[in-house]
Amino acid sequence: MTRERLEEIRAQLDEINLEILELLSRRAELVQEIGDLKKRKGTERFDPIREKEMLDRLVAANPGPFDDSTVRHLFKQIFQASLGLMEEEKKELLVSRKKRTEDTVIEVNGVRIGGGQPVIIAGPCSVETPEQMDAVGAGLQQHGILLLRGGAYKPRTSPYDFQGLGKKGLELIRKTADKYGMAVVSEIVSPSDIEMSLEYVDVIQIGARNMQNFELLKEAGNVRKPVLLKRGMSATIEELLFAAEYIVSRGNTEVILCERGIRTYEKATRNTLDISAVPILKQESHLPVIVDITHSTGRKDILLPIAKAALAVGADGLIVEVHPEPSVALSDAKQQLNLPQFAQWMEGLKASGYLPKQEPVPVK
Ligand SMILES: O=C(O)C(=O)C[C@]1(C(=O)O)C=C[C@@H](O)C=C1
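As recorded in an unreviewed UniProt entry, the protein chain goes by Bifunctional 3-deoxy-7-phosphoheptulonate synthase/chorismate mutase and comes from Effusibacillus lacus.

Printed below as a string of structure tokens:
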């Protein structure tokens, strides 16, 4: 082929491209008209029967050299693009940054979660006895801790493991928190307990195993109390945000997201802390994000570097489990810090500069 002939053919192709583009644009305008009609009538935009009819007619008229499957493929692409044109603008989630650019700040017991200063939520895995709670309350109070955690309802892997004290546990943690000027963060597992829990908790925790318990999420959305929502152990970041949307869309806008490690093949830690989830969640959502360093690692020896890492990537706070006597704890005995270990951990964190110096809480 001569160079001139190549140029000549290319010039023809350029013209045909423009003709195709003009035809595609004319087609798209007609599709938009159909889209308006369908919207008014409330008809489904995708019409597979109509698409099949058109494809069959095109294949029957196919003069070649493209084979039938190529013709089907090319036109299917056009139908797809047409559907895209007809689609309503994508609905942004209420929890999305696109919906609200400023950070949501949640105030609990005078502590601002998401307000720029990291917060520490500490306490035992389970509420066990008055003595245990009093010891931990007194110990944490020494370090200025204002948010006390402790499980009264324990969704355990084995039905034979300690299941928690239930309502009695809630009463106990409330009493302890009141004595030491703290707020209560405790997990609720049943939708029918949400209403009852309002008397005892300042933050309703929804645990990893219940992240997609939609009835529980809806019930938590119906009340006006902050919710700490943990990421499910096999949940994607998107699924966590949808779970939060369940709560926020019902009017309860105070949701704290919690990264607590996900299940992977790695055995060195109990779960794998998805550190990248923190900046991604902060970017995608306006809700505060905290990291449960105890459940994600399941070990005490790396809690300081992990805490620093979480704060370095922008976490608004940390959850750490503390028990006055971890070796006799009724749950998670191996991963809870004792009070001297907690004191050392706090010292390390303050020295790192990530945590402001905190004064002991004045007892009310
Ligand atoms: O004919 C319709 O009902 C249309 O919506 C138009 C159209 C098309 O592009 O031809 C688009 C999407 C439907 O799935 C089927 C056909």
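On we go.
Student: In this structure, what is going on with the overall build of the protein chain? I would like to understand it.
Tutor: Counting secondary structure elements, the protein chain contains 12 helices and 10 strands. Radius of gyration (C-alpha) of the protein chain: 28 Å, far over the 21 Å computed for a compact globule of 364 residues. Once the C-alpha set of the protein chain is aligned to its principal axes, its extents read approximately 90 × 50 × 40 Å. Across the 364 residues of the protein chain, 38% fall into the buried class. Taking contacts inside the protein chain between residues at least 6 apart in sequence as the whole, the part at least 24 apart equals 67%.

Student: Explain the site of the ligand here, please?
Tutor: Close contacts around the ligand come from Val31, Ile34, Arg45, Phe46, Asp47, Arg50, Glu51, Phe79, Ser82 and Leu83, and that covers them all. Contributions of two or more residues to the shell around the ligand are made by α1 (3-41), α2 (48-60) and α3 (68-86). Broken down by element, the shell around the ligand gets its largest block of residues, 3 residues, from α3. Residue composition of the shell around the ligand, by class: 5 nonpolar, 1 polar and 4 charged.

Student: Teacher, can you tell me more about the sheet that holds strand β9 (residues 289-292) here?
Tutor: Each strand in a sheet pairs with another by means of backbone hydrogen bonds, the pair being arranged parallel or else antiparallel. Strand order around the closed barrel formed by 8 strands is β3-β4-β5-β6-β7-β8-β9-β10, with parallel pairing between neighbours. The sheet shows a mean angle of 25° between the axes of neighbouring strands, direction not considered. Across 3 bridges, strand β4 (residues 147-149) lies against strand β5 (residues 183-187) in parallel orientation. Residue pairing in the sheet places leucine 147 in a bridge with alanine 183 of β5. Sheet strands touched by helix α9 (residues 277-284): β8 (255-259) and β9. Its angle to β9, the strand with the most contacts, is close to 160°.

Student: Any chance you could explain the nonpolar core here in plain terms?
Tutor: One recurring pattern in soluble globular proteins: nonpolar side chains tend to sit buried together. By size, the foremost hydrophobic cluster in this structure holds 79 residues, and its most contacted members are Leu229, Ala244, Ile256, Leu257 and Leu318. By residue number, the principal contributor to this core is helix α8 (residues 237-248), which donates 7 residues.

Student: Just checking my understanding: could you explain the packing of α1 against α3 for this structure?
Tutor: Relative placement of two packed helices is described by the angle separating their axes and the distance separating the axes. Interaxial distance between α1 and α3 falls to 9 Å at its minimum, and their mutual angle equals 50°. Viewed along their axes, α1 and α3 adopt a mutual orientation that is oblique. Considering the relative orientation of α1 and α3, their crossing is right-handed. The residues of α3 that touch α1, namely those facing Ala28, Val31, Gln32, Gly35 and Lys38, are Ser82, Leu85 and Met86. Along the lines of polarity and charge, the residues of the contact of α1 with α3 split into 4 nonpolar, 3 polar and 1 charged.

Student: I tried to follow unusual backbone geometry on my own but got confused; where do I start?
Tutor: Peptide bonds are mostly trans, and most non-glycine residues show a negative phi. Following glycine 64, the chain continues to proline 65 via a peptide bond in cis, the omega torsion being 5°. One can find proline 65 in the loop between α2 and α3.

Student: What exactly am I supposed to notice about α2 here?
Tutor: Helical geometry note: an α-helix holds 3.6 residues per turn, so side chains three or four residues apart project in the same direction. Between its terminal C-alpha atoms α2 stretches 18 Å, which fits the 18 Å expected from 13 residues at 1.5 Å a residue. Burial runs low along α2: only 0 of the 13 residues are buried.

Student: Got a minute to help me understand the UniProt feature "coiled-coil region" (unreviewed entry) in the protein chain in this structure?
Tutor: In this numbering, the UniProt entry assigns the feature "coiled-coil region" (unreviewed entry) to residues 6-40. For residues 6-40, the end-to-end C-alpha separation is 51 Å, with 100% helix and 0% strand making up the annotated structure.

Student: Would you mind showing me how to read the pairing of strand β7 (residues 227-230) here?
Tutor: Regular strands show a simple pattern: their side chains alternate between the two faces of the sheet. Burial along β7 is two-sided: Val227 and Leu229 and Leu228 and Lys230, pointing in opposite directions, are all buried. Handedness of the crossover joining strand β6 (residues 203-206) and β7 through helix α7 (residues 214-222): right-handed. Here β7 runs beside β8; their pairing, made up of 4 bridges, is parallel. Paired with lysine 230 across the strands is cysteine 258, a residue of β8. Where the polypeptide runs from β7 across α8 and back to β8, its parallel neighbour, the crossover connection is right-handed.

Student: What is the right way to look at the environment of arginine 112 in this model?
Tutor: Here arginine 112 is to be found in strand β2 (residues 111-113). Owing to 14 C-beta atoms within 10 Å, arginine 112 belongs among the partly exposed residues under this scheme. Measuring from C-alpha to C-alpha, the distance between arginine 112 and aspartate 316 comes to 9.5 Å, with 204 residues separating the pair along the chain. Ignoring sequence-local partners within four residues, the contact set of arginine 112 consists of Val105, Glu107 and Gln117.

Definitions and limits used
Residues numbered from 1 in each chain as written. Predicted model: local features only at pLDDT ≥ 70, side-chain atom pairs only at ≥ 80, totals over all residues. Helix = DSSP H or I, 4+ residues; strand = E, 2+ residues; numbered from the N terminus. Rg over C-alpha atoms; globule rule 2.2 N^0.38 Å. Buried ≥ 20, exposed ≤ 12 C-beta atoms within 10 Å, placed from the backbone. Contact = placed C-beta atoms within 7 Å. Near = placed C-beta within 6 Å. Nonpolar A, V, L, I, M, F, W, Y, C, P; charged D, E, K, R; others polar. Pairing = 2+ DSSP bridges. Axes fitted to C-alpha atoms, helices over the stretch in contact; angles between N-to-C directions. Core = buried A, V, L, I, M, F, W, Y, C linked by C-beta atoms within 7 Å. Parallel < 35°, antiparallel > 145°, perpendicular 65-115°, else oblique. Left-handed = near helix turned anticlockwise from the far one by under 90°. Expected span 1.5 Å × (residues − 1). UniProt positions renumbered as here; feature names shortened; annotations may be inferred. Right-handed = clockwise from strand over helix to strand, strands pointing away.

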